[in-house]
Amino acid sequence: MRPLLALAAILVLPAAGPVPIDRHALVERHAVTFTKIDRDAPAMIGNGELAFTADITGLQTFPERYAPQAPLLTMAQWAWHSFPEPHPLGAEAGLVQVPVPGRGSQPYAYVRDLAAAAKDPVIAWLRENPHRFSLGRVSLDMHHADGRPVRFEELTDTVQRLDLWTGTLTSRFRLDGQPVTVTTRVHPDRDMLLVEVRSPLVASGRVAVRVAYPGVSRAINPDPSDWTHPEAYTTRITARRADRIEVRNRIDRTVTTSSVTAPGGTVAPDGPHRLAVYGHGERLVAMVSFDRAQRLAPAPDYARAVAVTEAHWRDYWTQGGVVDFSGSRDPRAAELERRVVLSQYLAAINEAGSLPPQEEGLFSNSWNGKFHLEMHPWHSAHFASWGRPALLERSLQWYRAHLPDAIAEGRRHGLNAAAWWPKMSGPEGRNSPSPINPFILWQQPHPIYLAELVWRAHPDRATLERYAPLVEATANMLAGWPRLDPATGRYHIGPPVVPVQENHDPFTSADPAFEVEYFRWGLERAQAWRVRRGLARHPQWDKVIAGMAPMPMQDGRYVPVAGEPGFWTRAASPECRGNARPPLCTNRDHPSFLMPFGLIGSERVDRAAMARTLAATDEDWDMRQLWGWDFPMIAMTAARLGRPEEAIDWLMRDAPNNRWGATGMTPRYDLAADGKTETRLADTYFPSNGALLLAVGMMAAGWQGSTGHAPGFPADWSVRVERVKPLP
């Protein structure tokens, strides 16, 4: 019997584990290809700190061929400019005293009417400055044999391919029958554009590369470049040799530097604010760097720079999380997978930098290029759950650096050792004056939420020590600002407060549904951080946790804020469900009452009431008014309610702000009061991409308390997931 037993032991093989996802195949099948210009979708390459948008030639040769909302720009996280101040402004500039019940008057960056405020030079300056600006335009300089400039219509056989796996943009076309190939990359560790042009036309100088440096337009949005006032700024050559020129650009007080290097070629001045790069033979290489340093580093070896760039992107795709839907029977699965892959690519460029992202990332400007801190989790929280916490931590450092400023702002509001975070700001951290900005509060718990996600990715002492001061000071604000009603023992938020759904009066609104739960959730998480550090729970925090006002509810359904009777009755009325947008109809903008369950999974939520609220939203909400991040947020709520089919329906809902273009970007529309006229405000809105990743990651990997594989997806979907962590 022993030989037979031995044979049996040989034949009994261990059960095979899950087959690893072919990550290269997953990414490769969603490479972006153009054979003609899509005026709303220039290609984008970048490294998180510098981004470059390119036309179908691979550079920025024909910007006029693209929509005004899709300018061809070179933007950096550090590239900010301010126009001269009307007069020296102190820390209190733009602040006015606003009555706060129980707290006297408080300083806010408040203006009642923006049109009137625009005539105030101080308020106008504070809103417009600082602002992002474009560092340069890198284009092809092409001529016919007789010297005539090439028109776009004279290019033939245009083909462009964006290789997501290596971060390489390859563009091919013919000019006068001759082939031209342009390969464009952005170096991962330096703010440097890498350009290679191959064509027989290079040798004759008929194809060259031009680098031009713009000024800053007073318009600022969406394209901050000014090409019409060359006398308003300076570009000075600071070093020069045959194959390299260094320049220093000054626009008002803003000084930047740049170098253009052409290994084996020539760099020469080409008029005011312009340089030209010429190749030898059939090949031209240009390395264009942008910086703030006075002394510029030498250019790297080009071949080595290409290898480093390609390795960087391969590491990005192989070391983080991925989700594969191949094999799913639902015809929407392939499109959802495309959106997920392209969102991961775009997030690495626009949402992984050293500052919280602005809504248009580094693609263009809105709101003068400033960032909105209430959007930060929708932009970047997914990095922690998708196995890339270091990319979230880049922008988290902004909070750590500005913690003293936030505590000083808390002190102005009568709080002790409490961080009060701005809503809309530039890198300096000052809140922009607005009718609503100063009263928005749902950004206040964000540092705790983001730090908690980092902790879940790296639950170690180093994480605790790095973010504990941030968590502690933020929690002091969450516990210190809600107002205690001694008669009931309840803590209330507002007035004044502008909830997530921004169409409520800040001076009468109170206890917005998401904010009361998010403040309470943030305090619970902050207590957990104290326990992890070996400290006792904070007694005042526990009082606020126990006494926080409940989520407001009417007729068995949640509502945005307390004290507005008839909310759902109005939403269901023929008037509010029609095409017009009457002022009393508030069934538009963000359905924020779904967020306490979808985003943070609050245990205080009544699941049956939340299910009724979700159904009412589906039935009575104005879908034309939802923003791009609303759809994934609602999908998260449906998933936690055990309704995966509805979750998919919300993710894939056909609505104006949920349309996904060829490059994975979503536009941003507004609707006129007549309910019919759509205005395209921007060609991209990156909270859509970040929110999609956060939602899909949660639906695939689960959440605290979920069970089973891919609990947010229908059973007939094939969902393979690697290195994605469940959400709280």
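Please read all numbers here as calculations on a predicted model, not as lab measurements.

Enquirer: Tell me about the packing of aromatic side chains, and name the residues and values.
Expert: Counting across every chain of the model gives 33 aromatic pairs. Considering the side-chain rings of Tyr-449 and Tyr-518, the 6.4 Å spacing of their centres and the 70° angle between planes classify their relative orientation as edge-to-face. Placement of Tyr-449 in helix H11 (residues 446-457) and of Tyr-518 in helix H13 (residues 513-532) is noted, with a sequence separation of 69 residues between them. Ring geometry for Tyr-449 and Trp-521: centres 5.6 Å apart, planes at 50°, overall tilted. Of this pair, Tyr-449 sits in helix H11 while Trp-521 sits in helix H13, placing them 72 residues apart in sequence. Across the pair, Trp-521 and Tyr-449 agree in class, each one buried. Among the aromatic side chains, those forming a connected cluster through ring pairs are Trp-378, Trp-442, Tyr-449, Phe-514, Tyr-518, Trp-521 and Trp-629. For Arg-388, the ring lying beneath its charged end belongs to Tyr-316, and the centroid distance is 4.0 Å.

Enquirer: An account of the environment of Ala-352 is requested, with residue identities and associated values reported.
Expert: Tracing the backbone through its elements, the reader meets Ala-352 in the loop between helix H6 (333-350) and strand S24 (371-372). C-alpha separation for the pair Ala-352 and Gln-444, spaced 92 residues apart in sequence, amounts to 21 Å. Sequence-distant contacts of Ala-352, that is, excluding residues within four places in its chain, are made with Gly-48, Ala-347, Phe-383, Leu-391 and Arg-394.

Enquirer: Could you give me a rundown of the environment of Arg-172, with the residues and numbers involved?
Expert: With respect to the helices and strands, Arg-172 occurs in strand S11 (residues 168-175). By relative accessible area, which is 48% here, Arg-172 ends up partly exposed. For the pair Arg-172 and Arg-338, spaced 166 residues apart in the sequence, the C-alpha separation amounts to 24 Å. The residues touching Arg-172, leaving out its near neighbours within four places in the chain, are Asp-157, Thr-158, Val-159, Val-180 and Thr-181.

Enquirer: Quick one: what's the story with the nonpolar core, residue by residue and with numbers?
Expert: Counting 212 residues, the largest nonpolar core has Val-197, Leu-336, Trp-378, Tyr-449, Trp-629, Leu-651 and Phe-713 as the members making the most contacts within it. At 10 residues, H6 tops the list of elements feeding residues into this core. For Tyr-449, the residues in contact, after removing those within four places along its chain, are Pro-377, Ala-381, Tyr-518, Trp-521, Leu-599, Ile-600, Leu-694 and Leu-727. In terms of nonpolar packing, the next biggest core, distinct from the first, is built from seven residues, Leu-194, Val-285, Met-287 and Val-306 among them.

Enquirer: Go over the confidence of the model for the chain with me, naming the residues and quoting the values.
Expert: When pLDDT is averaged across the chain, the result is 94; 97% of the residues are at 70 or more. Taken as a whole, residues 1-15 scores under 50 in pLDDT and shows zero contacts with residues more than four places along the chain or in a different chain.

Enquirer: So what's going on with the state of the cysteines? Which residues, and what values?
Expert: All told, the structure shown has one disulfide when counted by the stated rule. Here Cys-576 is linked by a disulfide to Cys-585, with a sulfur-sulfur distance of 1.9 Å. With the S-S bond torsion at -80°, the cross-link from Cys-576 to Cys-585 turns out left-handed. Just as Cys-576 is buried, Cys-585 falls in that class too.

Enquirer: Would you mind going over unusual backbone geometry in detail, with residue names and values included?
Expert: With an omega of -10°, the peptide bond between Asn-129 and Pro-130 qualifies as cis. Following the sequence through the fold, Pro-130 ends up in the loop between helix H4 (121-128) and strand S8 (131-132). Each neighbour pair has its own omega, and for Gly-494 with Pro-495 the value is -10°, a cis peptide bond. Even without being a glycine, Asp-589 presents a positive backbone phi close to 70°. With respect to the secondary-structure elements, Asp-589 resides in the loop between helix H16 (574-577) and helix H17 (595-598). We classify Asp-589 as buried; its relative accessible area is 13%.

Enquirer: Quick one: what's the story with the pairing of S11, residue by residue and with numbers?
Expert: Within S11, six of the eight residues are buried, which leaves the element mostly enclosed by the surrounding structure. Pairing between strand S10 (residues 155-163) and S11: seven bridges, direction antiparallel. The residue bridging Asp-163 from the neighbouring strand is Thr-168, located in S11. In textbook terms, the turn of a hairpin is the stretch between consecutive antiparallel strands, and for S10 and S11 this stretch comprises four residues, one of which, Gly-167, has a positive phi near 65°. Where S11 and strand S12 (residues 178-186) come together, seven bridges link them in antiparallel fashion. Counterpart to Leu-175 in the pairing with S12 is Gln-178. In this structure, the hairpin formed by S11 and S12 is closed by a connection of two residues, where Asp-176 is found at a positive phi of approximately 50°.

Cut-offs and rules
Residues numbered from 1 in each chain as written. Predicted model: local features only at pLDDT ≥ 70, side-chain atom pairs only at ≥ 80, totals over all residues. Heavy atoms only, no water. Phe/Tyr/Trp six-rings, centres within 6.5 Å; stacked < 30°, edge-to-face > 60°. Helix = DSSP H or I, 4+ residues; strand = E, 2+ residues; numbered from the N terminus. Buried < 20%, exposed > 50% of the residue type's maximum accessible area, 1.4 Å probe, protein only. Lys NZ or Arg CZ within 6 Å of the ring centre and 35° of its normal. Contact = heavy atoms within 4.5 Å. Core = buried A, V, L, I, M, F, W, Y, C linked by side-chain atoms within 4.5 Å. pLDDT = per-residue confidence, 0-100. Disulfide = S-S within 2.5 Å. Pairing = 2+ DSSP bridges.

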